[in-house]
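Reading the structure
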There are 2 protein chains.
Amino acid sequence: MKFSKIPTATITRLSRYSRALEELEKQRVNVISSEKLARYCEVNSAQIRKDLAYFGEFGVRGVGYVIKELLFEIKRILGLNKVWHLGIIGMGNMGYALIDHSNFPRQGYHFVAAFDNDPRKIGKMLSQGFPISPMSELEEIALERNIEIAVIATPADKAQEVANLVTRTPIRGILNFAPIQLHVPEGFIVHHIDFTVKLDRLAYLLGNMDAESPKSSTMKSPWISKHLL
Amino acid sequence: MKFSKIPTATITRLSRYSRALEELEKQRVNVISSEKLARYCEVNSAQIRKDLAYFGEFGVRGVGYVIKELLFEIKRILGLNKVWHLGIIGMGNMGYALIDHSNFPRQGYHFVAAFDNDPRKIGKMLSQGFPISPMSELEEIALERNIEIAVIATPADKAQEVANLVTRTPIRGILNFAPIQLHVPEGFIVHHIDFTVKLDRLAYLLGNMDAESPKSSTMKSPWISKHLL
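Residues numbered from 1 in each chain as written. Chains lettered and ligands numbered in written order. Predicted model: local features only at pLDDT ≥ 70, side-chain atom pairs only at ≥ 80, totals over all residues.

1. Describing the overall build of chain A
Scanning chain A from N- to C-terminus turns up eleven helices and eight strands. Looking at chain A as a whole, 37% of its 229 residues are labelled buried. Counting contacts in chain A only where the partners sit at least 6 residues apart, residues at least 24 apart contribute 55% of the total. (Helix = DSSP H or I, 4+ residues; strand = E, 2+ residues; numbered from the N terminus. Buried ≥ 20, exposed ≤ 12 C-beta atoms within 10 Å, placed from the backbone. Contact = placed C-beta atoms within 7 Å.)

Spelled out as structure tokens, the structure:
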């Protein structure tokens, strides 16, 4: 298996498959056909089979996928059978919203440290059991607690400076929530979260709803139609 | 142009192209080849040409795309040449983080209302120039201010209830930040934001970094390698 040949889009879809499989597991479904899983994930079944083919053989012809097995395999492929240590930088509203968001620990992402440069925030104990640390302790704490990913939640005008500091620590990955494109040297990976990309899709679908199937038009009550016209 | 035939992935990539083109426009670049734009967006150039072919002819052979024109066209396709009205529901840390995030207005998404059921929050004036309203006023305000998209930022255990209320107003689209899958009747569109999907990609790349090209390994300082082994 050659790592570099696996398209990023496949990796993103694998995450989605794993979320769907987890949801199905909760609903006590044991086996699912690639067609049904495809519908659930809003891709076509050939795509699922193609994505999984990068990593080996999955599923039983005519039966489908055993959810527990497939989920375990996808998590292994994605490296999610381990716990990842995250440090958050910037304890404003976004910082608190993220550190308290239950999706992170549920998926194996654990915040082990929080940083800010505001003297009024430094030292404040968090419900996670550690205090907010000053940025000057980033390197030391990153080593000590083995932080693998820095989550940047600072304002836009501080984010690049923070990213520069991160690249002087053993942390190699950055998840950036600040509304600015960050530049880091080779050997580091930055992913940027832009909520508006999903909004664009939503806006596109809403804008084209009236042109869509008659099924959905009949769903509209008269005053909604009137309002939208 | 048949709406239903355009894959969701194409729409998502169009958003990315538009973000890249905006960035290039800021850097005062006027024309770009599909190869360069492709590298910038981390897709292949055939993909860009294929995506744009759904909507007509773009670009000049041997020259490339005029950024200003292409950006205008993509925004027109996505329906982003208009301002979208958003209402946020749930004014905790996430609510404040989102309403203050500069990406939204920059991309034409304007928050025009905020809702919460906490009596301590209701009536509080926001820097956006309107107060936090009680949920009981959702329908009235949605009509009055023409809210088109509800952004749900409540805790998980309140989100479905809130979504049910939204479906009784003229609002047709929901962007959900709560860590729970929402169910809505046909005729409504929900998009779910799960930050951890991007983290999975990051984790995958970090986990495979050592197996990657020797270029990136040479970037590691000895103590980073030691630390990671």
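2. Some words on the relation of the copies chain B and chain A
At an RMSD of 0.0 Å, chain B and chain A line up after a rotation of 180 degrees and a shift of 0.0 Å along the axis. The superposition of one copy onto the other is thereby described by a two-fold rotation axis. Nearest to the rotation axis, the C-alpha of N93 of chain B is located 2.3 Å from it, this being the minimum over chain B. Comparing interface residues between copies, 100% of those in chain B also lie at the interface in chain A; the contact surface is shared. (Least-squares fit on C-alpha atoms with pLDDT ≥ 70 in both.)

3. With respect to the nonpolar core
The biggest cluster of nonpolar side chains holds 120 residues, and the ones touching the most others in it are V151 and I152 of chain A together with V151 and I152 of chain B. In contact with V151 of chain B, other than residues within four places in its own chain, are L86, I88, I89, L98, L175 and F177 of chain B. (Core = buried A, V, L, I, M, F, W, Y, C linked by C-beta atoms within 7 Å.)

4. Remarks on the domain arrangement of chain A
The domains assigned to chain A are domain 1 (3-76) and domain 2 (84-195). The C-alpha-based centres of domain 1 of chain A and domain 2 of chain A are spaced at 31 Å. (Domains from an automatic or database assignment.)

5. As for the sheet that holds strand β6 (residues 149-152) of chain A
Read from one edge to the other, the open sheet built from six strands follows the order β5-β4-β3-β6-β7-β8 (chain A), with strand pairing classed as parallel. For this open sheet the edge positions go to β5 (132-133) and β8 (189-192) of chain A, each flanked by a neighbour on one side alone. Against the sheet, helix α8 (residues 156-166) of chain A engages β3 (84-89), β6 and β7 (173-176) of chain A, with an angle of about 170 degrees to β6 of chain A. Helix-sheet contacts for helix α9 (residues 195-207) of chain B involve β3, β4 (109-115), β6, β7 and β8 of chain A, and the interaxial angle to β8 of chain A is about 170 degrees. (Pairing = 2+ DSSP bridges. Axes fitted to C-alpha atoms, helices over the stretch in contact; angles between N-to-C directions.)

6. So, the interface of chain B and chain A
Counting from both sides, the interface comprises 64 residues of chain B and, opposite them, 64 residues of chain A. At the level of secondary structure, the elements contributing two or more residues to the side of chain B that touches chain A comprise α1 (8-26), α5 (93-99), α6 (103-106), β7 (173-176), β8 (189-192), α9, α10 (214-219) and α11 (222-228) of chain B. With 13 residues, the single largest contributor to the side of chain B that touches chain A is α9 of chain B. Here the residues of the side of chain B that touches chain A sort into 30 nonpolar, 19 polar and 15 charged. (Nonpolar A, V, L, I, M, F, W, Y, C, P; charged D, E, K, R; others polar.)

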